[in-house]
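As a plain string of letters, each chain reads:
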Amino acid sequence: MAGEANRALRLVLFGAPGVGKGTQASEIQGRTGIAHISTGDMLRTAVQQGTPAGMTAQRFIDRGDLVPDEVVGDLIAERLEGDDVRKGFLLDGFPRTVPQADRLDAILESRGQALDCVINIEVREREIVARLTGRRTCPSCGATFHVRFQPPRTAGVCDSCGGALEQRSDDTEEAIARRLRAYRAQTAPLLNRYRAAGLLATVDGGGEPDEVYARIAAAVPGLQG
């Protein structure tokens, strides 16, 4: 669309575990210069910096409780004041509930802004299981591998430090099935909400990363060209 390239883009990224959200978020950020706002990263940063919302969140984390929607919303409101958000943003991990979506609408409305698109990456469940069950990580240096897509030179041994590779406890088939059920139950109302608003772009996440990005670019106004 003419003139879109110079306009701030405000996007939300949805996708179940294992669909490649991180890869595509990095690609979008690299090509557009918009801020990639991951809820997990944002929460850790706010706690480290001791912001008001970060200190509130820390109290829940210290008790082992989930951070409430209201506190997460406060963190997002803080984060969207950052200078790097002037070019736009890509929210990853927020909103996750209807109340969080309501809060995001209110934050943007108070700033005279609105979302441009909600990107939903979908991958068949059997492919997600293959992707996640094949992941291996090195507890010593943090390097990651995949038994099928990115195997180490020696099976079970980290290329970087020689440590023994491990499978994450939440990457077993049983755990993945639970995570997928929870994700779909939690996300379905949000997808319906954004579909009804004409903001939802559902993209096939199968294939190589550049193929997936091409589909996203074709579906999202402002990413073409």
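Structure report, in brief. (Residues numbered from 1 in each chain as written. Predicted model: local features only at pLDDT ≥ 70, side-chain atom pairs only at ≥ 80, totals over all residues. Heavy atoms only, no water.)

1. Structural notes on helix 5 (residues 98-110)
Line of reasoning, step 1. Its 13 residues place the ends of helix 5 18 Å apart at the C-alpha level, agreeing with the 18 Å of an ideal helix rising 1.5 Å per residue.
Line of reasoning, step 2. Among all positions in helix 5, only Q100, A101, L104, I107 and L108 are buried. What you see down the axis of helix 5 is that its buried residues fit within an arc of 120°, all on one side. Opposite its buried face, helix 5 presents the exposed residues E109 and S110, each directed more than 90 degrees away.
Line of reasoning, step 3. Trailing helix 5 by a residue or two, G112 shows a phi angle of about 70°, which is positive. (Helix = DSSP H or I, 4+ residues; strand = E, 2+ residues; numbered from the N terminus. Expected span 1.5 Å × (residues − 1). Buried < 20%, exposed > 50% of the residue type's maximum accessible area, 1.4 Å probe, protein only. Arc of directions from axis to C-beta.)

2. Section: the packing of aromatic side chains
Line of reasoning, step 1. Applying the stated criterion across every chain yields a total of one aromatic pair.
Line of reasoning, step 2. Ring geometry for F14 versus Y194: centroids 6.3 Å apart, planes at 40°, classification tilted. Separated by 180 residues along the polypeptide, F14 in strand 1 (residues 9-15) and Y194 in helix 7 (residues 173-196) bring together distant segments of the chain.
Line of reasoning, step 3. Overall, Y194 belongs to the buried group, its relative accessible area being 2%.
Line of reasoning, step 4. Above the ring of F60, the side-chain terminus of R63 is found at 4.8 Å from the ring centroid. (Phe/Tyr/Trp six-rings, centres within 6.5 Å; stacked < 30°, edge-to-face > 60°. Lys NZ or Arg CZ within 6 Å of the ring centre and 35° of its normal.)

3. Things to note about the sheet that holds strand 2 (residues 35-38)
Picture the strands of a sheet paired through backbone hydrogen bonds; they go either parallel or antiparallel.
Line of reasoning, step 1. Taken in spatial order, the five strands make up an open sheet running 2-3-1-4-7, and their pairing is parallel. Each edge of the sheet is formed by a strand with only one pairing partner; in this case those strands are strand 2 and strand 7 (200-204). Averaged over neighbouring strand pairs, the angle between their axes works out to 25° when direction is ignored.
Line of reasoning, step 2. Of the pairings in the sheet, the one linking strand 4 (residues 117-122) to strand 7 comprises five bridges and is parallel in character. Considered in strand 7, the bridge of I119 is made with A201. (Pairing = 2+ DSSP bridges. Axes fitted to C-alpha atoms, helices over the stretch in contact; angles between N-to-C directions.)

4. Observations concerning the environment of D210
Line of reasoning, step 1. Mapped onto the elements, D210 comes out in helix 8 (residues 209-219).
Line of reasoning, step 2. When the C-alpha atoms of D210 and T23 are compared, they prove to be 9.7 Å apart, with 187 residues separating the residues in sequence.

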